[in-house]
Amino acid sequence: MTEMTDGVLHTLFRTEQGGHEQVVLCQDRATGLKAVIAIHSTALGPALGGTRFHAYASDEEAVQDALNLSRGMSYKNALAGLDLGGGKAVIIGDPDVIKSEELLLAYGRFVESLGGRYVTACDVGTYVADMDVVARETRWATGRSPENGGAGDSSVLTAFGVFQGMRASAQHLWGDPTLRGRKVAVAGVGKVGHYLVEHLLEDGAEVVITDVREESVHRILEKHPGKVTAVPDTNALIRVPGLDVYAPCALGGALNDETVPALTAKIVCGAANNQLAHTGIEKDLSDRGILYAPDYVVNAGGVIQVADELRGFDFDRCKAQATKIFDTTLAIFARAKADGIPPAAAADRIAEQRMSDARAARAV
């Protein structure tokens, strides 16, 4: 544990990945709960971000994931136009093995103890039903079921927002905001990916999919016989000949030193968080002539949806705001061209300026 703590402190205080306001390590021995809540910034308001439930290889990996994800939420919320900061939580363990009502209630008590500085929601491994349980112990849980005053499944607008980002990418690269006749590869067709497939098919795209869960692939193939093809894994997917768009919709790190050189797609636009494995990958994409739509920009539909719960949920209002992801994505591409930098760097600059302006206004 000493090694992990030293690593966290080094990251927080001495590296460019730091700058977090608060990191909370949570443990409840009775239920087996081990969780990390990371608050990156409250410059724009309370830190909003989901809770990921995952069997990490180590505690240190879990902490690092929480730090990365919470930082990404600050930027995502800023560019989504929300008056909210960025936070994220991870619960360590296999949700299929250790998730229980008692564990979720214990987690809810930790969220409540932060007094509204952190607002949680669903993420990988957590669902609407889980947030209903967490909300029994805290006022600061969103992504609840409509029966419990929530907005329901945020995957719906997440996929819609990614589709808007994809349309903007097509507009920027090909001069037409449609995927009709384009070959689009979707890696991960679970909570978000299967909704994205629906949008793509409705738009007339040719869709190729893969997922580590065979049942997720079968669900798509059975629903759309003859309209969707599947390949065994992501390695095969990124090498599909004639690919126009690659949409990573599973876990992060999809764009790395091994995958980027092999990509056949001209656009990368997907729902997964933290797609860039390390700093410099965005330049590698740019050098190869691949247009990258920053993940935290295009996947903001879900956070727009859950954030709306804080003022009384209205789906039409949320969808209208998520539609603006199209314009935001185009603005980022324009800024990238004007500044001579990759789109990811341009998005960072715009988000950082909004947070900096908020901090300056607060200091006056």
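Everything below is about the structure shown above.
Every value quoted in this text rests on a predicted model; they were computed, and no experiment measured them. (Residues numbered from 1 in each chain as written. Predicted model: local features only at pLDDT ≥ 70, side-chain atom pairs only at ≥ 80, totals over all residues. Heavy atoms only, no water.)

Caption draft 1: Structural detail: the packing of helix H14 (residues 325-339) against helix H15 (residues 343-363). Packing of H14 against H15 brings their axes to within 8 Å, and their N-to-C directions diverge by 105°. Between H14 and H15, the crossing angle belongs to the class labelled roughly perpendicular. Contact residues: H14 offers Ile 332, Phe 333, Arg 335, Ala 336 and Asp 339, while H15 offers Pro 343, Ala 346, Ala 347, Arg 349 and Ile 350. Here the residues of the contact of H14 with H15 sort into seven nonpolar, no polar and three charged. (Axes fitted to C-alpha atoms, helices over the stretch in contact; angles between N-to-C directions. Helix = DSSP H or I, 4+ residues; strand = E, 2+ residues; numbered from the N terminus. Parallel < 35°, antiparallel > 145°, perpendicular 65-115°, else oblique. Contact = heavy atoms within 4.5 Å. Nonpolar A, V, L, I, M, F, W, Y, C, P; charged D, E, K, R; others polar.)

Caption draft 2: Highlighting the packing of aromatic side chains. In the structure shown here, the tally under the stated rule is two aromatic pairs. For the pair Tyr 75 and Tyr 296, a centre-to-centre distance of 5.7 Å together with 70° between the ring planes defines the contact as edge-to-face. One end of the pair, Tyr 75, is in helix H2 (residues 59-79); the other, Tyr 296, is in helix H11 (residues 295-298), and 221 residues separate them in sequence. Across this residue pair, the class does not change: Tyr 75 and Tyr 296 are buried. (Phe/Tyr/Trp six-rings, centres within 6.5 Å; stacked < 30°, edge-to-face > 60°. Buried < 20%, exposed > 50% of the residue type's maximum accessible area, 1.4 Å probe, protein only.)

Caption draft 3: Local environment of the pairing of strand S5 (residues 85-92). When you tally the buried positions in S5, you get eight out of eight residues, the bulk of the element. Bridge count between strand S2 (residues 33-41) and S5: six bridges; the pairing is antiparallel. Each bridged residue has a counterpart across the sheet, and for Ser 41 the counterpart in S5 is Gly 86. Looking at chain direction, strand S3 (residues 47-48) and S5 are connected through two bridges and run parallel. Considered in S5, the bridge of Leu 48 is made with Gly 86. Looking at chain direction, strand S4 (residues 51-54) and S5 are connected through four bridges and run parallel. (Pairing = 2+ DSSP bridges.)

Everything listed is a geometric property; what it means functionally is a separate question.
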